[in-house]
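Listed below are the residues making up each chain.
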Amino acid sequence: MTPSTHQEYLLHLSSQLILQVDTPQFWGPFCTYGSELATLMEVSLDPVREALTALYCPTGQGAPKDPCAMLRSWLLMTYSREGSPTAWAMRLKRESALAVLAGFAPGETPCATAHLDFLKRLADGSYAARKAQDVPLSQQLKGWHTRRLDDATTQRAGAADAAGKTQSGLLADTLLNQADLPLDPHDLQTRLDHLFIELGLKLTLGAGLLPSEVTVEGDGTAEPSGASSQGQRACDCPAGSTC
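Residues numbered from 1 in each chain as written. Predicted model: local features only at pLDDT ≥ 70, side-chain atom pairs only at ≥ 80, totals over all residues. Heavy atoms only, no water.

Draft legend 1. Geometry of the pattern of salt bridges. Under the definition given, this model contains 3 salt bridges. R91 is the salt-bridge partner of E82, the closest N and O atoms lying 3.4 Å from each other. Residue R91 is classed as buried on the basis of its relative accessible area, which comes to 16%. One salt bridge in this structure joins E95 and R91, with 3.4 Å as the shortest N-O distance. The network of salt bridges with shared partners includes E82, R91 and E95. (Salt bridge = Lys/Arg side-chain N within 4 Å of Asp/Glu carboxyl O. Buried < 20%, exposed > 50% of the residue type's maximum accessible area, 1.4 Å probe, protein only.)

Draft legend 2. Region of the structure containing the packing of aromatic side chains. This structure, assessed with the given rule, holds 3 aromatic pairs. For the pair F26 and W27, a centre-to-centre distance of 5.3 Å together with 90° between the ring planes defines the contact as edge-to-face. Residue F26 is classed as buried on the basis of its relative accessible area of 3%. According to the relative accessible area criterion, W27 is partly exposed, its value standing at 27%. Ring geometry for F26 versus F30: centroids 5.3 Å apart, planes at 20°, classification stacked. (Phe/Tyr/Trp six-rings, centres within 6.5 Å; stacked < 30°, edge-to-face > 60°.)

Draft legend 3. Spatial organisation of the nonpolar core. Ranked by size, the top nonpolar core spans 32 residues in total, and within it L45, V48, L52, L71, L76, L101 and F118 carry the most contacts. Within the residue set of this core, elements represented by two or more residues are α1 (6-19), α2 (24-30), α3 (34-42), α5 (67-79), α6 (85-94), α7 (96-102), α8 (112-124) and α13 (188-206). The element best represented in this core is α5, accounting for 7 residues. (Core = buried A, V, L, I, M, F, W, Y, C linked by side-chain atoms within 4.5 Å. Helix = DSSP H or I, 4+ residues; strand = E, 2+ residues; numbered from the N terminus.)

Draft legend 4. Just the packing of α3 against α5, in detail. Contact geometry of α3 with α5 gives a least axis separation of 11 Å together with a crossing angle of 145°. The handedness of the crossing between α3 and α5 is right-handed. For the pair formed by α3 and α5, the contact residues are E36, T39 and L40 on the first element and R72, L76 and Y79 on the second. Each residue belonging to the contact of α3 with α5 can be placed in one class, and the counts come to 3 nonpolar, 1 polar and 2 charged. (Axes fitted to C-alpha atoms, helices over the stretch in contact; angles between N-to-C directions. Left-handed = near helix turned anticlockwise from the far one by under 90°. Contact = heavy atoms within 4.5 Å. Nonpolar A, V, L, I, M, F, W, Y, C, P; charged D, E, K, R; others polar.)

Draft legend 5. Layout of α5. End to end, α5 covers 18 Å across 13 residues, agreeing with the expected 18 Å (1.5 Å per residue, within 8%). The element α5 is largely enclosed, with a buried count of 10 among its 13 residues. Residues of α5 that are buried include every one of P67, C68, A69, M70, L71, R72, S73, W74, L76 and M77, and no others. Near the N-terminus of α5, the side chain that reaches the backbone nitrogen of C68, with its oxygen 3.0 Å away, is that of D66. Following α5 by one or two positions, R81 has its phi on the positive side, about 60°. (Expected span 1.5 Å × (residues − 1). Polar contact = N/O pair within 3.5 Å; in protein donor to acceptor, adjacent residues only side chain to side chain.)

Draft legend 6. Molecular detail of unusual backbone geometry. One non-glycine residue, R81, adopts positive backbone phi at about 60°. Following the sequence through the fold, R81 ends up in the loop between α5 and α6.

Draft legend 7. Seen up close, the packing of α6 against α8. As a packed pair, α6 and α8 sit with axes 8 Å apart at the nearest point and diverge in direction by 125°. Classified by the angle their axes make, α6 and α8 are oblique. Crossing handedness for the pair α6 and α8: right-handed. Residues P85, T86, W88, A89 and L92 of α6 touch α8, and the partners they reach there are A112, H115 and L116. (Parallel < 35°, antiparallel > 145°, perpendicular 65-115°, else oblique.)

What follows is the structure in structure tokens.
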């Protein structure tokens, strides 16, 4: 199985639009997705094709859908503010315009299970690594989508108090301590970071949307921000100062 290239995706768009040229019911919905179309045409998934290929059986067992199209479908689902894979699969099946934008032919779209299976593969890592695991990560994470935010916040606050630091200070220390550690290529966070860097950060930098030098500041910054005015200061500046 070979994931499609970005050039093949652009050719898919061209050929499908030509096929739909005499279908008025296609063009009405399609014209409402102008911003999504512009974004997907700009975001090439070629930098992550090799990583996506590694998630699947090299013999193509099970005849899976094109993983680049599956990732693009998830991106389009996010752009469309759809929160349910089941509802999204139904929309792809019902709306030919969305199917074409995702990279599928109308009537040949993946079901909700296929979308969820893609996420499981992404969680478990490469096919070779997954076969070597007694319990794949996707099974270990099962049910973790129910988050206990109150418990997590209390735990972080307790750890910060014990260390005599603010939560942001404790987080900064943790990140700095990990900065020189080699990344685990089989770790889920490494895969997510790779997707973010290749499909988000590099494109943003290349488009000049970020300055060449960025200074990040926390509580107590002299720059106006949306942070709570009741937050805890991280500086020793006198009260009432502009800091």
